[in-house]
Amino acid sequence: DFRGPKGIWTLENEKEKAKRQALRANGVISEDERGKANSSKNAAPDASSSLSQSDCFSNDNHPTIQPTPSKKRRRDSPSPTNNPSSMESSFASACPTYTHHAITALISAHESFQYVITQNVDGLHQRSNLPRSHLSVLHGCIFTERCELCRREHFRDYDVGGVSFQKTGRKCEAPDCSGDLRDTVLDWEDELPEEEFVLATEQCRASDLVICLGTSLRIEPAGSLPLQGGKFVIVTMQETPKDDKAALIIRAKVDDVMKALMEGLGIDVAGIQEGLKRKDNDESKS
């Protein structure tokens, strides 16, 4: 989770706090603080929140539902674009964790695990070879741009730039299409993508069990999706607003829990990943 003890947002906030304290110690007030002081009489400050990840799996047929009227994110923390250069560097150098690879292995090898829902914008599920058909990306991805005409997604190995569906300056590479490409990252006032949110809700409603991994469950409406399923389990080091409704809470590192789960299920994560990479290479050559 980005807002966890070692999360990107937490570390960035600590850096900014240390910088402000150093300025105050030297009798300096930053322009940002001066602006906040001047505007505080007329505007209440935002509370804090984060992007988080929630994974759900189901093997049942899911019903069709109507989208809810409002799917805007409600925030209680700084926007991820507050420090774009630092965040850009952090995301660009990030690699999938054991948990990302394990989730892909579960989807590939075990029919009981069907679907993944993420609020993260880092593209690490895609980098771990998780099929897009098994994934809802609720808040967009900084490495994905989408054609405004044919709606095809293009996943890049670089940050495509932009926020709130701005044109990236590139054209669609699909045959017989030259539509403009736009970024997919939501700003705070943007509604969640309807198709992604509907699929996520359907999968949760059809599931017997939702497993929430490393998430604060504080961003709505995504944070309430686990309540749509039969039961849900929370695996995280921090407390969440949904703890009292969970069937089980595991206060441990997600990688440690997933390693124990893979061992218990007899799933060879490394072997499955190697097979997926070979398949991807073969398809790229053909």
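Everything discussed here concerns the structure shown above.
The shown structure was predicted, so the numbers you read here are calculated from the model rather than taken from an experiment.

Along its length, the protein carries eight helices and ten strands. Sorting the 286 residues of the protein into buried and exposed places 44% on the buried side. Nonlocal contacts in the protein, meaning residues at least 24 apart in sequence, comprise 60% of its contacts between residues at least 6 apart. Surface accessibility of the protein: about 15,300 Å² in total, with carbon and sulfur atoms responsible for 49%.

With that out of the way, let us pick up the pattern of salt bridges. Scanning the model with the defined rule gives 13 salt bridges in all. As a salt-bridge pair, Arg146 and Glu153 come within 2.7 Å of each other at their nearest N and O atoms. With relative accessibility at 27%, the residue Glu153 sits in the partly exposed group. Where Arg182 meets Glu148, a salt bridge forms, and the shortest distance between an N and an O atom there is 2.8 Å. Here the residue Arg182 occupies a position in strand E7 (residues 180-183), and Glu148 occupies one in the loop between strand E4 (144-147) and strand E5 (153-155), the gap between them amounting to 34 residues. On the accessibility criterion, Arg182 (27% relative accessible area) is partly exposed. Under the relative-accessibility criterion, Glu148 is labelled partly exposed at 30%. Taken together, the salt bridges that share partners define one network made up of Arg132, Arg146, Glu153 and Glu196.

Core analysis: the largest hydrophobic core is formed by 20 residues, its most contacted members being Leu106, Val116, Leu213, Val235, Met258 and Met262. Breaking this core down by element, the ones donating at least two residues are helix H4 (98-109), strand E3 (135-137), strand E8 (209-213), strand E9 (231-235) and helix H7 (254-265). Looking at this core, the element that brings in the most residues is H4, giving five residues. Listed in part, the 16 residues of the second largest apolar core include Ile117, Val210, Cys212 and Ala246.

Attention shifts here to H4. The terminal C-alpha atoms of H4, which comprises twelve residues, lie 16 Å apart, in line with the 16 Å expected from a rise of 1.5 Å per residue. The complete set of buried residues in H4 reads Thr99, His100, Ala102, Ile103, Thr104, Ala105, Leu106 and Ile107.

Relative to the helices and strands, Thr240 is located in the loop between E9 and strand E10 (248-250). A polar contact is formed between the side chain of Thr240 and the backbone nitrogen of Lys242, at a distance of 3.1 Å. A distance of 2.7 Å separates the side chain of Thr240 from the side chain of Asp243, its partner in a polar contact. Discounting residues that sit within four places of it in the chain, Thr240 has contacts with Thr215, Ser216, Leu217 and Ile234.

On to the packing of aromatic side chains. Inspection of the entire model under this criterion finds one aromatic pair. The aromatic ring of Phe143 is capped on one face by Arg127, whose charged end is 4.4 Å from the ring centroid. In this structure, Lys259 is placed above the aromatic ring of Tyr98, and the distance from its NZ or CZ to the ring centre is 5.5 Å.

Criteria and cut-off values
Residues numbered from 1 in each chain as written. Predicted model: local features only at pLDDT ≥ 70, side-chain atom pairs only at ≥ 80, totals over all residues. Heavy atoms only, no water. Helix = DSSP H or I, 4+ residues; strand = E, 2+ residues; numbered from the N terminus. Buried < 20%, exposed > 50% of the residue type's maximum accessible area, 1.4 Å probe, protein only. Contact = heavy atoms within 4.5 Å. Areas by Shrake-Rupley, 256 points an atom, 1.4 Å probe, with all protein chains shown as cover. Salt bridge = Lys/Arg side-chain N within 4 Å of Asp/Glu carboxyl O. Core = buried A, V, L, I, M, F, W, Y, C linked by side-chain atoms within 4.5 Å. Expected span 1.5 Å × (residues − 1). Polar contact = N/O pair within 3.5 Å; in protein donor to acceptor, adjacent residues only side chain to side chain. Phe/Tyr/Trp six-rings, centres within 6.5 Å; stacked < 30°, edge-to-face > 60°. Lys NZ or Arg CZ within 6 Å of the ring centre and 35° of its normal.

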